[in-house]
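Close look at the chain arrangement
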Amino acid sequence: LEIFYVNQPVSFTAQVQDFVGWLQRNSQVLAGFEKKAPQIEGTLKALYECAIPEMKETYWTSVQTLVFLGFNEAAIDLLVQHSAWTRWQNKDMAVKAQFEILESLITILQKMPRLAGSSNASAAVVGAAKVFTNASDFEVYRQKWLLACRQLLQNEVLWLECANSDEMTALGAKAVLSGLSGHEKTLRARAGTWTDLLCAQLLHRYSSLESFAELSSLTEYCIDSRDGAAAAAGSSGGDDGDGDGGVSFVADILLAILNDNVQEVISLCSQTLGPWFMAHAPDLFIDAKRQELQQMAGQQFERFVVEFTEALMPNTSMWQTVCDYLAWCPTWGEGALQIYLERLPVSRSDDKTVLQALEVADRHALPACAAQICRTLGVSRWQQGQRGSAVLWLRRGHDDRRVKHYIAEQKGRMDELDQILESLAEYERRRQTDEGGDGRAELDEILETLTGYAFKHESGGDQEKLQSVQLALARAIQ
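Residues numbered from 1 in each chain as written. Predicted model: local features only at pLDDT ≥ 70, side-chain atom pairs only at ≥ 80, totals over all residues. Heavy atoms only, no water.

A look at the nonpolar core
The biggest cluster of nonpolar side chains holds 81 residues, and the ones touching the most others in it are Trp60, Leu79, Leu177, Leu180, Leu198 and Leu202. If you tally residues by element for this core, the top one is helix H15 (residues 245-258), at nine residues. With residues near it in sequence (within four places) discarded, Trp60 still touches Glu54, Leu79, His82, Leu102, Leu105, Met168, Thr169, Gly172, Ala173 and Val176. Core analysis: the next-biggest nonpolar cluster, separate from the first, contains 28 residues, Phe308, Tyr325, Leu358 and Ala370 among them. (Core = buried A, V, L, I, M, F, W, Y, C linked by side-chain atoms within 4.5 Å. Buried < 20%, exposed > 50% of the residue type's maximum accessible area, 1.4 Å probe, protein only. Helix = DSSP H or I, 4+ residues; strand = E, 2+ residues; numbered from the N terminus. Contact = heavy atoms within 4.5 Å.)

Quick look at the structure:
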């Protein structure tokens, strides 16, 4: 996706080389999706620990795999482990042909030409000593380099002498040169996956493609070739076919890209890459500055962003992140953000969180939403008995009706407390002057009035009156 939609390569040739570099870097990852694909790391470790590695069957197959995937430096390191080098240094003339072939093969690998990729994908030229930015210059040099490969292959006397001393080395080195020369059968024999085969084809056989149509056809050929080989292996070996979902997805999305089927690319991404990736898909696709992407980006990409925010919403600590993502959506974002902010559990939040929510509403020009948050919190605080805080938030929310109602209600409560105080004072006066008898009935009436009355309030005046009532009541009960 990055190579074909985001990066802006200098040419199609450079883009193809970037893609080859991607195939190289991810060769083992892609091979891991297929159960029967060879994993080369363990094989190489065992070869490096072996005193005479070329005696192992995996030695030359590993060299071929490394060369055909373009890892020339790693292949050269493995060739240097061949015992012929030590034996030649010890004047063992029996390995003269092996030494000459190995030396020539290393020189050829060191001089292998590659076309340059784009500047931001320089890793695409791994293992190449000769890198060309001009396709014509590359082709001229490559023909001379291929001539050197053929001349070495055609030295029958040298190969016969090598085979007499070590037939495995002769066959293995010939296979390497055959693959470097672009022989189809050799490249197919060593490719463990269709991605490896595609990489080898682009490096050694079709290094100068000129269109997406050619690249698409080659990709389909490689996929069909390896699928046919896998089917044959499955029919004889009983493979259950599981575990190839990842590489199958890569094949599907690559073909969709190469066939310029943007809608299919987006559909495949949404099925596989998860809501976070799809929420950021607009950054990926729209940056490509392509007309069809711009046209379909709007509501379809907004839907992906909204789906991602829905996945985040159950986590209350992510509410600010949800707001940021919703703000990205020009069509649905404002309405969704307003609904989300209004439904925040502000009644259970501290003032800092509420102020942050108000800041978000102000930043995105949602004054009605900010007012509703203040009203919701004001009502909650009043129900909790925090009357001063309640009136403050209601006023900030421009809820004049409730403010007047609550102030009137508060005044009524204060008046009621004043009446209770007057009744207690009158009761106390009569008791001291013996005018009201025992006054027990009157005291019970005052206590009944106080039943259910809240004794925890934020309002200072209310609290003072309640304390006065409590003191007066205590004296009356005594």
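Description of the packing of helix H22 (residues 351-363) against helix H23 (residues 367-383)
Across the interface, H22 lies against H23 with an axial gap of 9 Å and an inter-helix angle of 160°. Comparing their axes, H23 and H22 come out roughly antiparallel. Note on packing geometry: the crossing formed by H22 with H23 is right-handed. Touching Asp351, Val354, Ala357, Leu358, Ala361 and Asp362 of H22 are Ala370, Ile373, Cys374, Leu377 and Arg381, all from H23. For the contact of H22 with H23, the per-class residue count stands at eight nonpolar, no polar and three charged. (Axes fitted to C-alpha atoms, helices over the stretch in contact; angles between N-to-C directions. Parallel < 35°, antiparallel > 145°, perpendicular 65-115°, else oblique. Left-handed = near helix turned anticlockwise from the far one by under 90°. Nonpolar A, V, L, I, M, F, W, Y, C, P; charged D, E, K, R; others polar.)

Focus: the pattern of salt bridges
With the rule as written, the count across this model stands at four salt bridges. Here Lys96 ties to Glu100 by a salt bridge, and the two come within 2.5 Å at their closest N and O atoms. Of the two residues, Lys96 and Glu100 are both situated in helix H8 (residues 96-110); the distance of four residues between them amounts to about one turn of the helix. For Glu100, a relative accessible area of 27% gives the class partly exposed. Between Asp324 and Arg363 there is a salt bridge whose closest N-O contact spans 3.9 Å. (Salt bridge = Lys/Arg side-chain N within 4 Å of Asp/Glu carboxyl O.)

Let's talk about helix H6 (residues 72-79)
When H6 is considered as a whole, its buried residues turn out to be Asn72, Ala75, Ile76, Leu78 and Leu79. Buried positions in H6, seen along its axis, are confined to an arc of 160° and lie on one side of it. For H6, the elements touching its buried residues are helix H4 (40-48), helix H5 (57-68), helix H7 (83-89) and H8. (Arc of directions from axis to C-beta.)

A look at the confidence of the model for the protein chain
On average, residues of the protein chain score 79 in pLDDT, and 74% of them are at 70 or above. Low pLDDT, under 50, characterises residues 120-124; the predicted model gives this stretch nine contacts beyond four residues in sequence or across chains. (pLDDT = per-residue confidence, 0-100.)

With respect to H4
By the burial criterion, the buried members of H4 are Ile40, Leu44 and Leu47. On an axial view of H4, the arc spanned by its buried residues comes to 60°, and they lie on one face. Every exposed residue of H4 that faces more than 90 degrees away from the buried side is listed here: Glu41, Gly42 and Lys45. Here the buried face of H4 lies against helix H3 (27-32), H5 and H6.

What to know about the packing of aromatic side chains
This model, assessed by the stated rule, comprises ten aromatic pairs. With 4.9 Å between their ring centres and 80° between their planes, Phe308 and Tyr325 make a pair best called edge-to-face. Here Phe308, found in helix H19 (residues 291-312), pairs with Tyr325, found in helix H20 (residues 319-326); they are 17 residues apart in sequence, far enough to count as distant. With respect to burial, Phe308 and Tyr325 carry one shared label: buried. Grouping aromatic residues by their ring pairs yields a cluster made of Phe4, Phe12, Phe19, Trp22 and Phe212. (Phe/Tyr/Trp six-rings, centres within 6.5 Å; stacked < 30°, edge-to-face > 60°.)

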